[in-house]
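Topology and contacts: notes
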Amino acid sequence: MAAVSRLGESWQYGARAPEVEERLALLAEASRLLADASLEPPAVMERLCALVVPLLGSACALRLRSEDGRWLRTVASASSTPEARPLFQYLIAPVLRADEGPSAEVLRTGVAMMVPRLEVEELRRQLPPQHHGMLERLPLTGSLVLPLRARGRGLGTLTVWREPAAAPFDAGEQLLLQELADRAALALDVARAYAAERQARQAAEVAAGRLARLQRVTAELSQVLTAARMAEVVVDQGVEAVGARSGGLWLVEPGDAQARLLRCEGEDSRMLADVFGAVPLEQPSPIAEAIHGAQPVWLETPDALGAHFPELAERCRRARGNPAPSSVCLPLAVDGRALGALLFSFAEPHAFDGDERAFLELLAHHAAQALARARLLEQEQRARAALREAHQTLSAIIQASPAAIMLLDMDGTVRLWNPAAERIFGWTADEVLGQELPVVPESHREEFRRNLEGAARGQLLSGAETQRRRRDGSLIQVALWTALLRTPSGAPQCLGIFVDITERKRGEDTQRFLAEAGGVLAASLEQEETLERVAHLAVPAYAEACGVYLSDEAGAVCCVATAFADGLRYPPGTPLAPSSEVVSRVIALGAPELCGSLAPDGPGGAERVLAGLCVPLEVRGQTLGALTFVTSRRPYDVQDLALAQELARRAALAIDNARLYREARQAIRLREEFLSIASHELRTPTTALQLQVQSLQSSLDRAPAALAPERLRRGLEVMGRQVKRQARLVDALLDVSRISAGRLELNPEPLDLGALVREVAERFEPELARTGTTLHLVLTVDAHGQWDRLRLDQVLTNLLSNAVKYGRGNPVHVELSATRGRVRLDVRDRGIGISAEHLPRLFHRFERAVSERNYGGFGLGLWIARQMVEAMGGHIAVHSEPGVGSTFTVELPRAGG
């Protein structure tokens, strides 16, 4: 009892619930004390009561069934209160019926039952009058009645009382008391078995050996932690204890339709593994019958197996030669559920007496209990492993999550800070854990407190957009999700998940800006207004200054529109950050550039860096110019460059549309003007012809004989000139049609250009004489090449005609020179000349430098001449000064293009 007293010093009922280690220590001590106790039943029962009081209750009573099973008699008791002991012993002394009251229900079900405290009046009826005064001091409350179970039957009951102030029995204490009762019942059953064995002297030594073996097996099974170890102990010890030839143990997993061999030992091990490795439970066999019926299957004679299981006996014969002469199969059952089966086979026919059967059943019972404990332990270990795995998985998810995850106390103290939070906000976990959350800007402190208070009330956020601060002080846009968690002690905590949406918001702003820019650019087709709108698009949202640069046909680059933000601190005249060299390079290469420059910042002359962007204006594969952006708020990055390029693409399209619109309007104007001129020009020779015809017809009508030949000749000459003029006009229109349709055909042939110039000059002699113009020719003798004669004739005719028309009677000079590879023709007049602003468009279609009312013509001659010269690989140019005259130069390669 010294060991029990020492345990009692560490804990008593009502003080605190015993921990698992203390319960196991108590059970181990109880097993030792009960094992060390005398094999006399009274000693076992007294030891049990001494274990219960005062450790688990203030009083207890142990009642055993009578031999006929009808009565329950108190055989041992204990009370921790000396003054109440006489009254307590008087109360438990009467014999109870085993088939009435709570004890009957406990014995029937094998399950412990709580019995409420008896009222004082009911106790008065049970006690004599002399004990009524003690009722007020009786320190007992409701009781717990537990069955004493051994080998599946109830030997009696154990009733435990507690004082009214003590806590009720919890599940752990009930389980502990039941285990003590089971062990005491086992010890009592062993003691009874020993007493019976002692009465039979001839079997005393055998029974003692079995009992010792069972005790060793029980002791070993109490330390078993796995089903494999349990099978090893039971099979190996059982084979040796009963003198079996072989033994095996099969397990049935939940939901499995087969019993699977876990361990076998002995001479028949190979046969058991081959034939009975997996035993189908739906087929007849001793193992299946024992598992289904939860009863042992005894096969004591060599014919028993063949009589009950003929197919199995045949399989055993084929595997070994003959089945075992005798065998037994015992179920491993716990609470009516079979967990497996235990089988022993013997080399000789074996009659199992009652004691041997009891030993085997006890062995199977303890094996089943150990197996159940091992399975519970395995389940617990699996649950813990699953919990660890889940924790590791959750930790890995938190660590790998791209979203910032943090756990906060309700005062804002950080308890969790994952790597994504470090990447997004810049603070490391060591810097923020245990500190107040540093990412909240001062302007959002009140909002942060409201969010924490709302989370405590269950008002959670789902994707709320707000601002947070990085370690470098910059603000970022985040989407926030919150959840309410609780610590093991029940304290609330707020889980926050942050996703950086700065780039997404920036992208949304970009798309919105581009959509608005598209609407602005589409609002007008006027080029000047479009250029101004392009310049103002990015100011002030993305730039403090913006410039639009366009290149002309000659390749010159000029700034055509600028825009500046209101309140710009540097003067509007300050050059934009991208220099003219950068702009020219961007236009030439069609590649954007990031750049910067210095600008004055205040009256003191200090300077600051301006970030600059220059992107090309490209449309339909051509570079129209460039857009420049300047800001001092922040450096431009790659996304700004992408935005600028997209804006430039849309701006270029708008500028091109405006230019095409202007050209279309110009073309319409020129078309109307051309139609007006064409109708006038075509009508003029027709009118002259009609007048000459009418005049000659009138003369013939009046006096046919009087019509002078000279008069007729002059009329025919006038008519011839008008017909030629009209033919030239028609040819010009046909050439325009051919050139526009791409059907201008060249027929190169060896040609002396000097001879062609003389021929054309001779045709102009009447016109020269009529206008009083002198023609001077300076011709080289080496002007040969491969050219289209008809087309060059047309070019020369056009140039001489213009020189005579606009020369105002002044001399016209035609000079032909040649080099080794080229021939040059200069036609110079001293007429009215051409203004500088008209020269760039002089060779365009329907363009003219003089009024058509004064000089007539379609405005197509020089355009046609240019097309023909360029088709032959040459070049035509003009140099002119108003009032001085003009010089047209034609250069042709000798090969003729």
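Residues numbered from 1 in each chain as written. Predicted model: local features only at pLDDT ≥ 70, side-chain atom pairs only at ≥ 80, totals over all residues. Heavy atoms only, no water.

1. Brief notes about the overall build of the chain
A count of helices and strands for the chain gives 27 helices and 29 strands. Taken across its 897 residues, the chain has 44% of its residues classed as buried. Taken as a whole, the chain presents about 45800 Å² of accessible surface, with 53% of it coming from carbon and sulfur. (Helix = DSSP H or I, 4+ residues; strand = E, 2+ residues; numbered from the N terminus. Buried < 20%, exposed > 50% of the residue type's maximum accessible area, 1.4 Å probe, protein only. Areas by Shrake-Rupley, 256 points an atom, 1.4 Å probe, with all protein chains shown as cover.)

2. Quick notes on the sheet that holds strand β5 (residues 143–150)
Strand order in this open sheet of six strands is β3-β2-β1-β6-β5-β4, and the pairing throughout is antiparallel. Every interior strand has two partners, whereas the edge strands, β3 (96–97) and β4 (113–115), have only one. As paired elements, β4 and β5 share three bridges and run antiparallel to each other. Across the sheet, residue Met-113 finds its bridge partner in β5, namely Val-145. Of the strands in this sheet, β1 (59–65), β2 (71–79), β5 and β6 (153–161) touch helix α3 (residues 41–52), which is tilted by about 50° from β2. Against the sheet, helix α4 (residues 85–92) touches β1, β2 and β6, its axis set at about 165° to β2. (Pairing = 2+ DSSP bridges. Contact = heavy atoms within 4.5 Å. Axes fitted to C-alpha atoms, helices over the stretch in contact; angles between N-to-C directions.)

3. Let's talk about the packing of aromatic side chains
Taken as a whole and judged by the stated rule, the model has five aromatic pairs. When the centroid spacing of 5.4 Å and the interplanar angle of 65° are considered together, the rings of Phe-346 and Phe-352 count as edge-to-face. For the pair Phe-425 and Phe-498, a centre-to-centre distance of 5.8 Å together with 90° between the ring planes defines the contact as edge-to-face. Taken together, the residues span a long stretch of sequence, with Phe-425 in helix α15 (residues 419–425) and Phe-498 in strand β17 (residues 492–500) at a distance of 73 residues. Judged on exposure class, the residue Phe-425 and its partner Phe-498 are both buried. Within the aromatic cluster, the residues linked to one another by ring pairs are Trp-298, Phe-346 and Phe-352. The lysine or arginine in question, Arg-162, covers the ring of Phe-169, its NZ or CZ lying 4.2 Å from the ring centre. Here the basic side chain of Arg-357 rests over the ring of Trp-298, its NZ or CZ set 4.4 Å away from the ring centre. (Phe/Tyr/Trp six-rings, centres within 6.5 Å; stacked < 30°, edge-to-face > 60°. Lys NZ or Arg CZ within 6 Å of the ring centre and 35° of its normal.)

4. Concerning the pattern of salt bridges
Scanning the model with the defined rule gives 35 salt bridges in all. For Asp-409, the salt bridge identified is with Arg-415, shortest N-O distance 2.6 Å. In the salt-bridge network here, residues are joined through shared partners; they are Glu-759, Arg-763, Arg-789 and Asp-793. (Salt bridge = Lys/Arg side-chain N within 4 Å of Asp/Glu carboxyl O.)

5. Focus on the confidence of the model for the chain
Low pLDDT marks regions whose predicted coordinates should not be analysed in detail. Residue-level pLDDT values for the chain average 78, and 80% of them are 70 or greater. Here residues 602–606 is a poorly scored stretch, pLDDT under 50, and it has three contacts once near neighbours within four places are set aside; other chains count. Counting contacts from residues 849–857, a segment whose pLDDT is below 50, to residues more than four positions away or on other chains yields 18 contacts. (pLDDT = per-residue confidence, 0-100.)

6. Overview of the packing of helix α25 (residues 789–806) against helix α27 (residues 861–871)
It is at 10 Å that the axes of α25 and α27 come closest, and there the two elements cross at 145°. Like other packed secondary-structure pairs, α25 and α27 cross with a definite hand, here left-handed. Two secondary-structure elements touch here, α25 through Arg-791, Gln-794, Val-795, Asn-798, Leu-799 and Asn-802 and α27 through Gly-861, Leu-862, Ile-864, Ala-865, Met-868 and Val-869. Here the residues of the contact of α25 with α27 sort into seven nonpolar, four polar and one charged. (Left-handed = near helix turned anticlockwise from the far one by under 90°. Nonpolar A, V, L, I, M, F, W, Y, C, P; charged D, E, K, R; others polar.)

7. Here's the deal with the environment of Leu-643
Residue position: Leu-643 is located in helix α21 (residues 638–702). Leu-643 gets classed as buried once you look at its relative accessible area, which sits at 7%. A sequence separation of 133 residues divides Leu-643 from Thr-510, and the C-alpha atoms of the two residues are 7.0 Å apart. Contacts of Leu-643, omitting those with residues within four sequence positions, involve Thr-510, Phe-513, Leu-514 and Tyr-542.

8. Some remarks on the sheet that holds strand β16 (residues 475–486)
Across the sheet, five strands lie side by side as β14-β13-β17-β16-β15; this open sheet has antiparallel pairing. This sheet does not close on itself; its edge strands, each paired only once, are β14 (414–417) and β15 (462–469). Taking the axes of each pair of neighbouring strands and ignoring which way they run, one obtains an average angle of 30° across the sheet. Note: β16 against β17, nine bridges, orientation antiparallel. Bridging from a neighbouring strand, Ala-483 pairs with Leu-495 of β17.

9. As for the packing of helix α9 (residues 227–242) against helix α14 (residues 354–400)
At a minimum axis separation of 9 Å, α9 and α14 run at an interaxial angle of 170°. With respect to α14, the element α9 is oriented roughly antiparallel. Along its contact with α9, which presents Ala-227, Met-230, Val-234, Gly-238, Ala-241 and Val-242, the element α14 presents Glu-356, Phe-359, Leu-360, Leu-363, Ala-367, Ala-370, Leu-371, Ala-374 and Glu-378. For the contact of α9 with α14, the residue count by class is 12 nonpolar, one polar and two charged. (Parallel < 35°, antiparallel > 145°, perpendicular 65-115°, else oblique.)

10. Some words on the environment of Asn-810
As for its placement among the helices and strands, Asn-810 is situated in the loop between α25 and β26 (812–818). On the basis of relative accessibility, which here comes to 28%, the residue Asn-810 falls in the partly exposed class. What Asn-810 contacts, discounting residues up to four positions off in sequence, is Thr-773, Thr-774, Arg-830 and Gly-831. In terms of polar contacts, Asn-810 uses its side chain to reach the backbone carbonyl oxygen of Arg-830, at 2.6 Å. (Polar contact = N/O pair within 3.5 Å; in protein donor to acceptor, adjacent residues only side chain to side chain.)

11. As for the pairing of β15
Here seven bridges tie β15 to β16, and the two strands are oriented antiparallel to one another. Bridging from a neighbouring strand, Arg-469 pairs with Leu-475 of β16.

12. Quick word on unusual backbone geometry
The omega angle of the peptide bond from Val-53 to Pro-54 is 5°, so this bond is cis rather than trans. Mapped onto the secondary structure, Pro-54 falls in the loop between α3 and β1. Although it is not a glycine, Ala-294 sits at a positive phi angle of roughly 55°. You can see Ala-294 is positioned in the loop between α11 (286–293) and β10 (297–299).

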